[in-house]
Amino acid sequence: MVGTETYPADIVRLWRIVKNNPHVLGDFTWTGYDYLGEAGCGIFHYDGAENFSSVYPERTAYIGDIDLIGYRRPVSYLREIVYGLRKVPYIAVERLNRYGMKHSKTPWMHRDTIASWTWPGYEGKPAKIEVYSDADEVELFLNGKSLGRKPAGEQNEYTARYDAIYEKGELRAVAFRKGRPEETYQLVTAGDEIELWAETDREYLNTDGEDLAFVTIKLVDENQVENLYCKKKIKVRVEGDGKLEALGNANPSSIERYDVSECETYDGYAMAVIRSGVTKGAVRIIVEAEGCAKKMLEIPIGKI
């Protein structure tokens, strides 16, 4: 027996079944990667709208452990811990701009959390924090002050929950095993300075006019700390023998096209897809956003 479309949010209970029953071969969650279609299955509605009810302009299911442009969402780290593949704890924060608000819920949805401690304008406001860990206990610190040590591990669904008051600085989680502090993980508030960061997954492109490079674009501060709260309109220009095939973000309710040269970041990220040309040389990608220094990448066309 094997599970082929199990609920993402139910991974703790389901994986226990896999481990405890030798006739169960494994489990496939639905789904690992977000996708276009089944629009709104996992979108969090705070206005009374219902999931699966064709709410414009929803376009993706939004139930993937990984979003549409390849960024891992918090539930993917919980799953990694449940599978026994990660010892380092992980911190997820419920979106402060949605604190205390009721939302829609389907079995495919986990929680509306994000790995960010950057919430300008919410100083002094309440926050809910989750720490995922397979350790016996975890302790959470806010700017060096302990928010308490709490049980974690499988008996507590690998999750310790905390309430705090938001202030800029550092959130640090410490995993305790047999009473000893072991692995740590932290989130740091991004500074006010916003910079563009861009990286490609390719060292070179083939000269066949068909090869693709995926360029991840994100917003960071001067210390390269990600800013997932800020939004910027991104502009991408391509020079040389290559072209911009697509540009977009992971927003499940975006009204933007993908065959464009401008898009807004979503949770701090955007992605450009570059198609190679047929002439050996290089393709140059220029990324711009208002108030930021431009970022330029160059990808050789033809094996170096």
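Residues numbered from 1 in each chain as written. Predicted model: local features only at pLDDT ≥ 70, side-chain atom pairs only at ≥ 80, totals over all residues. Heavy atoms only, no water.

## Describing the overall build of the protein
When its secondary structure is counted, the protein shows two helices and 18 strands. Rg of the C-alpha trace for the protein: 21 Å, near the compact-globule value of 19 Å for 304 residues, within the 12% margin. Taking all 304 residues of the protein together, the buried fraction comes to 48%. Looking at the protein alone, contacts between residues at least 24 apart form 65% of all its contacts between residues at least 6 apart. When the accessible surface of the protein is totalled, it reaches about 15200 Å², and 49% of it is carbon and sulfur. Where the 40 positive side-chain charges of the protein centre and where its 49 negative ones centre are 3 Å apart. (Helix = DSSP H or I, 4+ residues; strand = E, 2+ residues; numbered from the N terminus. Rg over C-alpha atoms; globule rule 2.2 N^0.38 Å. Buried < 20%, exposed > 50% of the residue type's maximum accessible area, 1.4 Å probe, protein only. Contact = heavy atoms within 4.5 Å. Areas by Shrake-Rupley, 256 points an atom, 1.4 Å probe, with all protein chains shown as cover. Lys, Arg positive; Asp, Glu negative; His and termini not counted. Charge placed at Lys NZ, Arg CZ, Asp CG, Glu CD.)

## Thoughts on the state of the cysteines
Under the counting rule described, the total for this entry stands at zero disulfides. With no disulfide partner, Cys292 has as its closest neighbouring cysteine sulfur the one in Cys230, 7.3 Å distant. Looking at Cys292, the relative accessible area reads 15%, which means it is buried. (Disulfide = S-S within 2.5 Å.)

## Notes on a nonpolar patch on the surface
On the surface, Val2, Leu25 and Phe28 cluster together into a nonpolar patch covering about 330 Å² of accessible area. Relative to the assigned elements, Val2 resides in strand S1 (residues 2-6). Judged by relative accessible area, which is 37%, Val2 ranks as partly exposed. (Patch = residues over 30% accessible without salt bridge, like charges linked within 9 Å, V, L, I, M, F, W, Y side chains within 5 Å. Salt bridge = Lys/Arg side-chain N within 4 Å of Asp/Glu carboxyl O.)

## Some words on the pattern of salt bridges
On inspection of all chains with the given rule, the structure shows 29 salt bridges. Here Arg149 makes a salt bridge to Glu137, at a shortest N to O gap of 3.6 Å. On the criterion of sequence distance, the pair formed by Arg149 in strand S7 (residues 145-151) and Glu137 in strand S6 (residues 137-142) is long-range, its members being twelve residues apart. We note a salt bridge from Glu226 to Lys218, for which the minimum N-O separation is 2.9 Å.

## Side note on empty space enclosed by the protein
Inspection of the entire model under this criterion finds one cavity of 30 Å³ or more. Roughly 270 Å³ of volume is contained in the largest cavity. Lining the largest cavity we find 26 residues, and of these Tyr62, Arg73, Pro74, Arg111 and Thr113 sit closest to its centre. Sorting the residues of the lining of the largest cavity by element identifies helix H2 (74-82) and strand S4 (113-114) as the ones contributing at least two each. (1 Å grid on protein atoms, 1.4 Å probe; cavity = no way out; pocket = protein on both sides within 12 Å on 5 of 7 lines; lining within 4 Å. Points joined across faces, edges and corners; volume = space filled by probe spheres on them.)

## Concerning the packing of aromatic side chains
For any two aromatic rings, the description comes down to two numbers: the centre-to-centre distance and the angle of the planes. Counted under the stated rule, the structure contains eleven aromatic pairs. Judged by centre distance (5.1 Å) and plane angle (80°), the rings of Tyr7 and Trp108 are edge-to-face. In this pair, Tyr7 sits in the loop between S1 and helix H1 (11-20) while Trp108 sits in the loop between strand S3 (90-94) and S4, placing the two residues 101 residues apart along the sequence. An angle of 85° between the planes, with centres 5.8 Å apart, marks the rings of Phe52 and Trp108 as edge-to-face. Here Phe52 is found in the loop between strand S2 (26-29) and H2, whereas its partner Trp108 is found in the loop between S3 and S4, with 56 residues between them in sequence. On the basis of relative accessible area, Trp108 is assigned to the buried category, the value being 18%. Among the aromatic residues, those joined into a cluster by ring pairs are Tyr77, Tyr90, Tyr132 and Tyr185. Stacked on the ring of Tyr77, the Lys or Arg Arg72 has its end atom at 3.8 Å from the ring centre. (Phe/Tyr/Trp six-rings, centres within 6.5 Å; stacked < 30°, edge-to-face > 60°. Lys NZ or Arg CZ within 6 Å of the ring centre and 35° of its normal.)

## What about the layout of surface pockets?
Put simply, the largest pocket is a space of about 790 Å³. Around the largest pocket, the lining comprises 34 residues; the ones closest to its centre are Arg95, Arg98, Lys231, Asn251 and Tyr266. Here the lining of the largest pocket is built from residues that sort into 15 nonpolar, ten polar and nine charged. Approximately 300 Å³ is the volume attributed to the second largest pocket. Every residue lining the second largest pocket is counted, 15 residues in all, and those nearest its centre are Ala115, Tyr185, Gln186, Leu187 and Glu226. (Nonpolar A, V, L, I, M, F, W, Y, C, P; charged D, E, K, R; others polar.)

## A short note on the sheet that holds strand S13 (residues 233-240)
Here we have four strands laid out as an open sheet, ordered S15-S13-S17-S18, and antiparallel in their pairing. This sheet does not close on itself; its edge strands, each paired only once, are strand S15 (262-264) and strand S18 (295-301). Taking the axes of each pair of neighbouring strands and ignoring which way they run, one obtains an average angle of 25° across the sheet. Strand direction decides the pairing type here: S13 and strand S17 (residues 281-289), joined by seven bridges, are antiparallel. Paired with Arg237 across the two strands is Ile286, which belongs to S17. (Pairing = 2+ DSSP bridges. Axes fitted to C-alpha atoms, helices over the stretch in contact; angles between N-to-C directions.)

## What about the nonpolar core?
By size, the foremost hydrophobic cluster in this structure holds 43 residues, and its most contacted members are Ile91, Val93, Trp117, Ile129, Leu140, Leu171 and Leu187. Residues contacting Leu171, with those up to four places away along its chain left out, are Ile91, Val93, Trp117, Ile129, Leu140, Phe141, Leu142, Tyr185, Gln186 and Leu187. The next biggest cluster of nonpolar side chains, apart from the first, holds 24 residues, and it includes Ala198, Ile234, Val287 and Ile301. (Core = buried A, V, L, I, M, F, W, Y, C linked by side-chain atoms within 4.5 Å.)

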